[in-house]
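Spelled out, the chains give:
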Amino acid sequence: RFLSSSSAAAKAVSERSSTVRAPSFAELTSQDVEFFKTIVGERDVVTDVEDLQVFNTDWMGKFQGRSSIALTPRCTDEVSRILKYCNEKNLAIVPQGGNTGLVGGSIPVHDEVIISTKNMNKIVSLDNKNQVLICEAGCILQALDTHLKEHGFMMPLDVGSQG
């Protein structure tokens, strides 16, 4: 259901916040944060409250998360190592792409580790003959479409969000 008024948005945030956190998930520790720095480097571990706002809030301002960390890996190996560690430590995660969805699916409900693909935005290759584009997970659809237009193709996927 689409919520359009500010009171409806506040109700949506309230309803999400009242969800009970699964007790099987561990809470993030300072040791976890330090370990993540060994995987992605200090620059790709976001823990500052103000810097986290963009990761904890959907683009419409309808949903508000409470995560204390966002990781912005630069390759699939880093993502794999993060996921392995989180699985071993029972840390909940939430993947995040452009954060432009309309239902808040990429916003943490509790204190999940946010794994943002925003730094994984490279076009790897374009095979004109076979019409195959290979790109990283964080590529913006509009950028892909622009690149493809330069080669006489179009992105066969169009969503409501742009940019």
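Preceding this paragraph is the structure being described.
These remarks concern the structure in this document. (Residues numbered from 1 in each chain as written. Predicted model: local features only at pLDDT ≥ 70, side-chain atom pairs only at ≥ 80, totals over all residues. Heavy atoms only, no water.)

### What about the nonpolar core?
And then number 1: Among the nonpolar cores identified, the biggest contains 13 residues, and Phe-36, Val-45, Ile-69, Leu-71, Ile-82 and Val-113 are the most heavily contacted of them.
And then number 2: Sorting the residues of this core by element identifies helix H2 (30–40), helix H4 (76–89) and strand E4 (113–116) as the ones contributing at least two each.
And then number 3: With four residues, H2 is the largest single contributor of residues to this core.
And then number 4: For Val-45, the residues in contact, after removing those within four places along its chain, are Val-33, Phe-36, Lys-37, Val-40, Ile-69, Ala-70 and Leu-71.
And then number 5: Among the nonpolar cores identified, the runner-up in size contains six residues, and Leu-52, Phe-55, Ala-70 and Ile-114 belong to it. (Core = buried A, V, L, I, M, F, W, Y, C linked by side-chain atoms within 4.5 Å. Buried < 20%, exposed > 50% of the residue type's maximum accessible area, 1.4 Å probe, protein only. Helix = DSSP H or I, 4+ residues; strand = E, 2+ residues; numbered from the N terminus. Contact = heavy atoms within 4.5 Å.)

### Some remarks on the state of the cysteines
A covalent bond between the sulfur atoms of two cysteines is referred to as a disulfide.
And then number 1: Counted by the stated rule, this structure contains zero disulfides.
And then number 2: Just so you know, Cys-135 is unpaired, no disulfide at all, and the nearest cysteine sulfur is the one on Cys-139, 4.1 Å from it.
And then number 3: Residue Cys-139 is classed as buried on the basis of its relative accessible area of 14%. (Disulfide = S-S within 2.5 Å.)

### With respect to the side chain of Ser-106
And then number 1: Assignment of secondary structure puts Ser-106 in the loop between strand E3 (93–96) and E4.
And then number 2: Here Ser-106 is in contact with Val-94, Pro-95, Gln-96 and Asn-99, once residues within four sequence places are set aside.

### Describing the sheet that holds strand E2 (residues 70–71)
And then number 1: Strands sit in the order E1-E2-E4-E3 across an open sheet of four strands; the sheet is mixed. In the strand order of this sheet, the two ends are held by strand E1 (45–46) and E3, each with one partner.
And then number 2: With two bridges connecting them, E2 and E4 associate as parallel partners. When the sheet's bridge partners are listed, Leu-71 is paired in E4 with Ile-115. (Pairing = 2+ DSSP bridges.)

### Regarding unusual backbone geometry
And then number 1: Located in the positive-phi region is Asn-90, a residue other than glycine, with phi close to 60°.
And then number 2: Among the secondary structure elements, Asn-90 is positioned in the loop between H4 and E3.
And then number 3: Within the chain, Gln-131 stands out as a residue other than glycine whose phi angle is a positive 55°.
And then number 4: Summarising the element assignment, Gln-131 is placed in the loop between strand E5 (123–127) and strand E6 (132–135).

### Side note on the pairing of E5
And then number 1: In this sheet, E6 lies alongside E5 in antiparallel orientation, the contact comprising four bridges. Along E6, the bridge assignment pairs Ile-123 with Cys-135.

### A few points about a nonpolar patch on the surface
And then number 1: On the surface, Trp-59, Met-60, Leu-102 and Val-103 cluster together into a nonpolar patch covering about 430 Å² of accessible area.
And then number 2: Here Val-103 falls in the exposed class, since its relative accessible area comes to 67%. (Patch = residues over 30% accessible without salt bridge, like charges linked within 9 Å, V, L, I, M, F, W, Y side chains within 5 Å. Areas by Shrake-Rupley, 256 points an atom, 1.4 Å probe, with all protein chains shown as cover. Salt bridge = Lys/Arg side-chain N within 4 Å of Asp/Glu carboxyl O.)

### Considerations on the packing of H2 against H4
And then number 1: One can describe the packing of H2 onto H4 by two numbers: an axis separation of 10 Å at closest approach and a directional angle of 160°. On the basis of their axis angle, the class for H2 and H4 is roughly antiparallel. Where H2 crosses over H4, the handedness of that crossing is right-handed. Contacts between H2 and H4 involve Gln-31, Asp-32, Phe-35, Phe-36, Thr-38, Ile-39 and Val-40 from the first element and Glu-78, Arg-81, Ile-82, Tyr-85, Cys-86 and Lys-89 from the second. (Axes fitted to C-alpha atoms, helices over the stretch in contact; angles between N-to-C directions. Parallel < 35°, antiparallel > 145°, perpendicular 65-115°, else oblique. Left-handed = near helix turned anticlockwise from the far one by under 90°.)

### A closer look at the pairing of E3
Regular strands place their side chains on alternate faces of the sheet.
And then number 1: Residues Val-94 and Gln-96 point to one face of E3 and are all buried, whereas Ile-93 and Pro-95, pointing to the other face, are not buried.
And then number 2: Here four bridges tie E3 to E4, and the two strands are oriented parallel to one another. Of the residues in E4, the one forming a bridge with Gln-96 is Ser-116.

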